Amino acid sequence: MYIQIALSILFLYAQAKEENDLHVVFDKNSKQFFEKNEISMIFFYTPQCGHCERFQPEVEKAAKQLKEEGFVFAKVDGHNYKEIAKQFEVNGFPSVVLSQDHGKRYKKFEGPRTSDSVIMWMYEQLNEGTKELKTIQQIKDKISQSQLMFIYMAENDEDRGFKRYKDYSHAYGNLEFYHTFLENVQQELGFGPTDSLVAYKKYDKSPVVYQPKQIKVSDLKAFIETNWFQRLQEYSEDVYKKIFKQDRSSLILLVDETQMKDRNAHDALKSISLDHPHEDHLLFIKCSVTNPLFSELQKQIGDFTGTPSLFGLQKYGVYKYKFNQAFTKQNLDQFILDFKNGKAQKHYKSQKLDNPIYSNNVEILTGNSYQRVINSQEDWVIFYYNSYDSEHLSLLQEYADIAKLIGQISKVKFAIADVTQNEFNDFSDPTDIFKIRLYKGNKNYTKFIQKVNKIQRDRLITFIKEHSKYEFNDDRKAGHHDDL
């Protein structure tokens, strides 16, 4: 089951044990547990309790499934840890409690003691489920406003298929579910007379109609999960999580919808997306310049020229590709094929610095200019640094002074590369203190090793002299010579 609920769910701190996917909570770690978990399920039991012993295997089944979906399930010996039981007003055992808001709010489970019942009950507490639409205008408004929605059209609330749909709608916290009991609603919206479940998709082929003679839970689940993925969708917080926090390939179209060429590009990508109905691993995404998240997406992608622009992202948004041709079906098909095979043109995030202080003696590299430098026939010394690290920034002036001195006696060139604002094809680890490399007229480099977190001037100068192909003509006066 694929669930995405916008809740902060964190792991129990390291000292707590885990038994059969159940975290063991006791007095000494209960405070940390509730501080770290905004929401959790808790199984209260007592030793030598026959009912508890029979219920525990079902609880463990539920815990295993919920763990896969990002939830924490804990167990508490309510007999030995009475204060925790008292906190949740647990007087009898076994009991299951849903803890919310770090233990400040809670609800007790009441129902059959099975894993399915526990899971469904939890989702019913967390998710509102289907909502009724009472007029044709309400239905039309929701269809026009929603990117993706499901609506069940039934005769009344006693309809057996509707009851199953209503129960199952609680299990999906990130989808919109509606229902209506209006007469002739199918005819108003263009459907047949029988009960229908319909999926409306703003950017995809829509509507998609499900009209079985008898709704089965397995068929209902299959229909929802087949249609919850849009071929083409608007960039959103949910999409951001999919492409930058999960291993999901994506095609992102940046557009200005006031421009005809951008609208044509959107239509072309929509048409192409519908040609890939079985590639759920591939997201087709549109982000307009009016989207509130547009600027944040720009920070992830870096500089680009004009719209429409199409980028491909692979593996947590790390590997980027750029489409640089006309938006025709033939070109897009070829780009998608190359993108899936890793043969598309690579694109690296490229951002200029706001204040290029050291441009006189040191070139400031961006993702776009980097390749030119490392592929040149000249010798380059490059200082890779983290612009968010104050220690790194404090070293820039020292590095610039060394560049000025070396520049007076040699042809060696110097550059700095901000690894937090740019991406470089052979440097992907901004977590080190810093790195300095010397490229000798080709892609091969020699790394200067720092023993302390400061630039040791004499060692760096000696390193450059030993590894550069250039001669050093130090014929200046003694006073200046001492600088080196």
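Definitions and limits used
- Residues numbered from 1 in each chain as written.
- Predicted model: local features only at pLDDT ≥ 70, side-chain atom pairs only at ≥ 80, totals over all residues.
- Heavy atoms only, no water.
- UniProt positions renumbered as here; feature names shortened; annotations may be inferred.
- Helix = DSSP H or I, 4+ residues; strand = E, 2+ residues; numbered from the N terminus.
- Buried < 20%, exposed > 50% of the residue type's maximum accessible area, 1.4 Å probe, protein only.
- Contact = heavy atoms within 4.5 Å.
- Areas by Shrake-Rupley, 256 points an atom, 1.4 Å probe, with all protein chains shown as cover.
- Phe/Tyr/Trp six-rings, centres within 6.5 Å; stacked < 30°, edge-to-face > 60°.
- Polar contact = N/O pair within 3.5 Å; in protein donor to acceptor, adjacent residues only side chain to side chain.
- Salt bridge = Lys/Arg side-chain N within 4 Å of Asp/Glu carboxyl O.
- Pairing = 2+ DSSP bridges.

Per an unreviewed UniProt entry, the protein goes by protein disulfide-isomerase and derives from Paramecium sonneborni. Per UniProt, the protein has the following entry under Sequence similarities (unreviewed entry): "Belongs to the protein disulfide isomerase family."

Attention now moves to the overall build of the protein. The number of helices and strands found in the protein is 16 helices and 22 strands. The buried share among the 484 residues of the protein stands at 48%. Pairs at least 24 apart in sequence give 71% of the contacts found in the protein among residues at least 6 apart. Approximately 25,000 Å² of the protein is accessible, and the part contributed by carbon and sulfur atoms is 46%.

To continue, consider the packing of aromatic side chains. Tallied over the full model, the rule gives 29 aromatic pairs. Centre to centre, the rings of Phe 150 and Phe 223 are 6.2 Å apart; their planes meet at 75°, and the pair counts as edge-to-face. Remark: Phe 223 occurs in helix α8 (residues 217-227) and Phe 150 occurs in strand β8 (residues 148-153); sequence separation between them is 73 residues. In terms of burial, Phe 150 and Phe 223 fall into one category: buried. Where Tyr 165 meets Phe 177, the ring centres are 5.9 Å apart and the plane angle is 70°; that geometry is what we call edge-to-face. Linking Tyr 165 in helix α6 (residues 160-169) with Phe 177 in strand β9 (residues 177-180), this pair joins segments that are 12 residues apart in sequence. Across the pair, Phe 177 and Tyr 165 agree in class, each one buried. A connected cluster of aromatic rings, assembled from ring pairs, spans Phe 150, Tyr 152, Phe 162, Tyr 165, Phe 177, Phe 181, Tyr 210 and Phe 223.

Before going further, it helps to spend a moment on the environment of Trp 380. Among the secondary structure elements, Trp 380 is positioned in strand β19 (residues 379-385). When its relative accessible area of 4% is taken as the criterion, Trp 380 is described as buried. Linking Trp 380 and Arg 437, residues 57 residues apart in sequence, is a C-alpha distance of 8.1 Å. What Trp 380 contacts, discounting residues up to four positions off in sequence, is Glu 363, Val 373, Lys 413, Phe 414, Ala 415, Arg 437, Leu 438 and Tyr 439. Side-chain polar atoms of Trp 380 contact the side chain of Ser 376, separated by 3.3 Å.

This brings us to the pattern of salt bridges. Counted according to the given criterion, the structure contains 10 salt bridges. In this structure, Glu 234 and Lys 286 form a salt bridge, with 3.7 Å as the shortest nitrogen-oxygen distance. One end of the pair, Glu 234, is in strand β12 (residues 232-234); the other, Lys 286, is in strand β14 (residues 282-288), with 52 residues separating them in the sequence. The buried category is assigned to Glu 234, whose relative accessible area is 12%. Across the pair Lys 413 and Glu 378 runs a salt bridge, and its minimum N-O distance is 3.0 Å. Residue Lys 413 is found in strand β20 (residues 413-418), and its partner Glu 378 is found in the loop between α13 (367-374) and β19; the two are separated by 35 residues along the sequence. The class of Lys 413 is partly exposed, set by a relative accessible area of 33%. If you follow the salt bridges from partner to partner, you end up with Glu 234, Glu 257 and Lys 286 in one network.

Below, the discussion takes up the side chain of Asp 379. Within the secondary structure, Asp 379 sits in strand β19. Among the polar contacts made by the side chain of Asp 379, one reaches the main-chain amide nitrogen of Lys 469 at a distance of 2.8 Å. In this structure, Asp 379 is in contact with Val 412, Lys 413, Tyr 439, Lys 440, Gly 441, Ser 468, Lys 469 and Tyr 470, ignoring residues within four places of it in sequence.

All right, on to the pairing of strand β2 (residues 22-25) then. Judged by which residues are buried, β2 turns out to be covered on both faces: Leu 22 and Val 24 on one side and His 23 and Val 25 on the other are all buried. With 3 bridges joining them, β2 and strand β4 (residues 73-77) adopt parallel strand pairing. Across the sheet, residue Val 25 finds its bridge partner in β4, namely Val 76.

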